[in-house]
Amino acid sequence: MKKDRAIGRSRTASCVALPESLLRVMMLLAVIMMAFSSASPKCEAAEPATDSSSGIYPETSRKITVTLTKRAGGVTYMKSRIYIQASPSEVWKVLTDYDNLKRYIPRMTKSSLVEDNGTRKVVALTGEIGLLLFKKTIQMTMNMVAIYPRRVDFEKISGDFDIYSGHWILEEHPSGKGTWLDYVAEIKPSFLAPGFIFDSMLKKDITEGLGVIRSEAEQITPK
């Protein structure tokens, strides 16, 4: 009888110990997941998709959306959008201030208008790019074609990229109180750069750059 009772107590202890063991494992996993998430890069949640034809515009949103897509031949396709509480003409002043592009292009150390042919401009850019151990000085000459105040097309003429082309699109909010600014580009460097490092740098830089453009344009807006 005593032996049976001892066996019973042992089985009971085992049954109790098993859930406690599982609980400890689950708690440990939760701690590991929390540590991993805090160490991993955080991404802003994307804004809801907007449709100008439907009149749906989350104008109070201050988020910046950036998407990167890999295309054939090592080309990175980038698309981003930001809402700015300023008119298209005020945003335009910032985008086309070619001698001061370094003010809102991260890592850009020099920008200058070298040729002016009306709607077509040629701009020379110099900058320092880098992330972790990857660092490089870049130089590039860009062809800029502007259609006031709606669109600026750009394309590399020469420099440290095999491909660098795209456009800015300015879309007035239906209320007339702001501007949607879209940036679309196809980019392929001529220098060797690890893909994940280069893409991370692109996303970080365009997010910072768009934030500065918004700040500059909203400062122009009369209060």
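Criteria and thresholds
- Residues numbered from 1 in each chain as written.
- Predicted model: local features only at pLDDT ≥ 70, side-chain atom pairs only at ≥ 80, totals over all residues.
- Heavy atoms only, no water.
- Salt bridge = Lys/Arg side-chain N within 4 Å of Asp/Glu carboxyl O.
- Helix = DSSP H or I, 4+ residues; strand = E, 2+ residues; numbered from the N terminus.
- Buried < 20%, exposed > 50% of the residue type's maximum accessible area, 1.4 Å probe, protein only.
- Axes fitted to C-alpha atoms, helices over the stretch in contact; angles between N-to-C directions.
- Parallel < 35°, antiparallel > 145°, perpendicular 65-115°, else oblique.
- Left-handed = near helix turned anticlockwise from the far one by under 90°.
- Contact = heavy atoms within 4.5 Å.
- Polar contact = N/O pair within 3.5 Å; in protein donor to acceptor, adjacent residues only side chain to side chain.
- Phe/Tyr/Trp six-rings, centres within 6.5 Å; stacked < 30°, edge-to-face > 60°.
- Pairing = 2+ DSSP bridges.
- pLDDT = per-residue confidence, 0-100.

A few points about the pattern of salt bridges
Opposite charge on two side chains lets them pair, provided their charged atoms get close. Applying the stated criterion across every chain, the model contains eleven salt bridges. A salt bridge links Asp182 to Arg81; its shortest N-O distance comes to 2.6 Å. Residue Asp182 is found in strand E8 (residues 179-189), and its partner Arg81 is found in strand E2 (residues 75-84); the two are separated by 101 residues along the sequence. For the pair Asp182 and Arg81, a shared accessibility class is recorded, and that class is buried. Put simply, Arg81, Glu171 and Asp182 are held in one network by salt bridges that share partners.

Quick word on the packing of helix H2 (residues 88-95) against helix H3 (residues 195-220)
The description of two packed helices rests on the angle between their axes and on the distance between the axes. Two numbers describe how H2 lies on H3: the axes approach to 9 Å, and their chain directions differ by 125°. By the angle between their directions, the pair H2 and H3 is classed as oblique. As for the relative orientation of H2 and H3, their crossing is right-handed in sense. Of the residues in H3, those in contact with Glu90, Val91, Lys93, Val94 and Leu95 of H2 are Ile213, Glu216, Ala217 and Ile220.

Considering the side chain of Ser111
On the secondary structure map, Ser111 appears in strand E3 (residues 108-117). Within the structure, the side chain of Ser111 is placed 3.2 Å from the backbone oxygen of Tyr98, a separation counted as a polar contact. Among the polar contacts made by the side chain of Ser111, one reaches the main-chain carbonyl oxygen of Asp99 at a distance of 3.4 Å. Once you skip the residues sitting within four places of it in the chain, Ser111 turns out to touch Tyr98, Asp99, Asn100, Leu101, Lys102, Ala124 and Leu125.

Description of the packing of aromatic side chains
Under the defined criterion, the tally for this structure stands at eight aromatic pairs. Where Phe154 meets Tyr164, the ring centres are 6.3 Å apart and the plane angle is 55°; that geometry is what we call tilted. Residue Phe154 is found in strand E6 (residues 151-159), and its partner Tyr164 is found in strand E7 (residues 161-172); the two are separated by ten residues along the sequence. You can call Phe154 buried: its relative accessible area is 6%. An angle of 90° between the planes, with centres 5.1 Å apart, marks the rings of Phe161 and Tyr164 as edge-to-face. For the pair shown, Phe161 and Tyr164 are each scored as buried. These aromatic residues form a ring-pair network of at least three members: Phe154, Phe161, Tyr164, Trp168, Tyr183, Phe191 and Phe198.

Thoughts on H2
With six of eight residues buried, H2 lies mostly within the body of the structure. Those residues of H2 lying buried are Pro88, Glu90, Val91, Trp92, Val94 and Leu95.

A look at unusual backbone geometry
Tyr148 connects to Pro149 through a cis peptide bond whose omega is -15°. Examined against the element boundaries, Pro149 turns out to sit in the loop between strand E5 (134-147) and E6. Backbone geometry places Arg107, a non-glycine residue, at a positive phi of 75°. Note that Arg107 resides in the loop between H2 and E3.

Structural notes on the pairing of E6
Inspection of the sheet shows E6 paired to E7 by five bridges, in the antiparallel sense. The residue bridging Val152 from the neighbouring strand is Trp168, located in E7. Where E6 folds back onto E7 in an antiparallel hairpin, the turn is made up of one residue.

Some points on the environment of Lys177
Tracing the sequence through the fold places Lys177 in the loop between E7 and E8. Discounting residues that sit within four places of it in the chain, Lys177 has contacts with Tyr83, Gln85 and Ala86.

As for the confidence of the model for the chain
Looking at the chain as a whole, the pLDDT averages 79, with 70% of positions reaching at least 70. Across residues 6-18, where pLDDT falls below 50, the model places zero contacts with residues more than four positions away in sequence or in other chains. Counting interchain partners and residues more than four positions distant, the pLDDT-below-50 stretch residues 25-57 has 22 contacts.

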